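# A closer look at the structure
Now for the letters of each chain:
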Amino acid sequence: GDDAPPANTDDDVDDDDDITTSSSGTTSSGGNTLTAEAITPAGGSITTTGGVRIDVPAGAVDKDIIITLEEKEAPPFELLGSAPIGRALEASPDGQRFLKPVELALPYQAELVPNGQEKLVRVLMAPSGSNAYEKLSATVDTTAHLVRVQTTHFTQFVPVIESLTGGEPLTFTTATLPDATKGTT
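Residues numbered from 1 in each chain as written. Predicted model: local features only at pLDDT ≥ 70, side-chain atom pairs only at ≥ 80, totals over all residues. Heavy atoms only, no water.

## With respect to the pattern of salt bridges
The condition that has to hold: By salt bridge we mean one thing: a side-chain nitrogen of Lys or Arg within 4 Å of a carboxyl oxygen of Asp or Glu. Think of it this way: any DSSP run of H or I at least four residues long counts as a helix, any run of E at least two long counts as a strand, and we number them from the N terminus. Buried, partly exposed and exposed residues are distinguished by accessible area as a fraction of the type maximum, computed with a 1.4 Å probe on protein chains only: under 20%, between the cut-offs, and over 50%, respectively.
Enumeration according to the criterion identifies six salt bridges in this entry. The shortest N-O distance in the salt bridge between Lys135 and Glu162 comes to 2.7 Å. Of this pair, Lys135 sits in strand S10 (residues 134-136) while Glu162 sits in the segment after strand S13 (156-161), and the two are 27 residues apart along the sequence. You can call Glu162 buried: its relative accessible area is 13%. Overlapping salt bridges bring together Glu103, Asp141 and Arg148 as one network.

Here it is in C-alpha cells:
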C-alpha cells in the first residue's frame, strides 16, 4: 500500500563525497565544493566552479591519476597567523608527488586586500589535518584577483595577507601610548 518507503534516488543518498575513478565533475556538500578530474602523463588543467585552477605540465605524473580539489572555509587567523583572504583548497590525493612543479591559482577577495598591499598576499600550505603552515612564494595577479604558486606535492593551501608591517616587529614610541602603559614606577 501507501506505507512503502520511497525509492532511494541519488538526491537522497549522502555518498560522503566519495569520488570514484570512473567519474569526474563537481559536487557540493556543506559549503564545500569538490571537483575531481583525471590527469594523464600528457598533463592538463582543471578549473573549479570557484575559480581555482591547476596546471599540470606534461611529464609531471607518470601514470593517470584522479585529482580532487576541495574548496572549503579557510581556517581562522588564530591558526594561520595571517588573515585569510579566500577559501582554502584541499588538493588530493594528499601527499601526491609531482615529477615537475604544478601551478595552482587561487582566487582571493580583492576587497580584503588594502589598496597597494598586494605584495603582502601569500599562500600558506600545511599537511592535511595539520596547522603547521608554511609560506610559499607567490605571484599575485591583481587583475584576475588570483595568487599563483608552484608546488611539487598536494596538501592544503590558503590565500592570506600578511600583517601590514611585513612581518617586522611593531615598534611604538612612548609618546603615543597612554600613561598607564608607560614604564613608570
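So, next bit.
## Let's talk about the confidence of the model for the protein chain
Keep this limit in mind: In predicted models, pLDDT denotes the confidence assigned by the predictor to each residue on a 0 to 100 scale. Note on definitions: a residue-residue contact is assigned when non-hydrogen atoms from the two residues lie within 4.5 Å.
Of the residues in the protein chain, 72% have a pLDDT of 70 or more, and the chain-wide mean is 80. In the model, residues 5-24 has pLDDT below 50 throughout and makes twelve contacts with residues more than four positions away in sequence or in other chains. Considering only residues more than four positions removed or in separate chains, one finds that residues 165-178, a stretch of pLDDT under 50, has five contacts.

## A word on the pairing of strand S8 (residues 97-107)
Stated formally: Here, a strand pair is defined by DSSP locating no fewer than two bridges between the strands.
Pairing of strand S4 (residues 53-56) with S8 involves three bridges; the strand directions are antiparallel. Bridge pairing links Asp55 to Glu103 in S8.

## Overview of the sheet that holds strand S12 (residues 146-153)
For clarity, the threshold we go by: Comment: axis = line fitted to C-alpha atoms, over the contacting stretch for helices; angle = value between 0 and 180 degrees taken between N-to-C directions.
If you trace the five strands from one edge of the open sheet to the other, you get S3-S4-S8-S12-S11, paired in antiparallel fashion. If you trace the sheet from one side to the other, it starts and ends with strand S3 (44-47) and strand S11 (139-141), each paired once. When strand polarity is set aside, the average angle formed by the axes of neighbouring strands in this sheet is 20°. Pairing of S11 with S12 involves three bridges; the strand directions are antiparallel. By the bridge assignment, Thr139 is partnered in S12 with Arg148.

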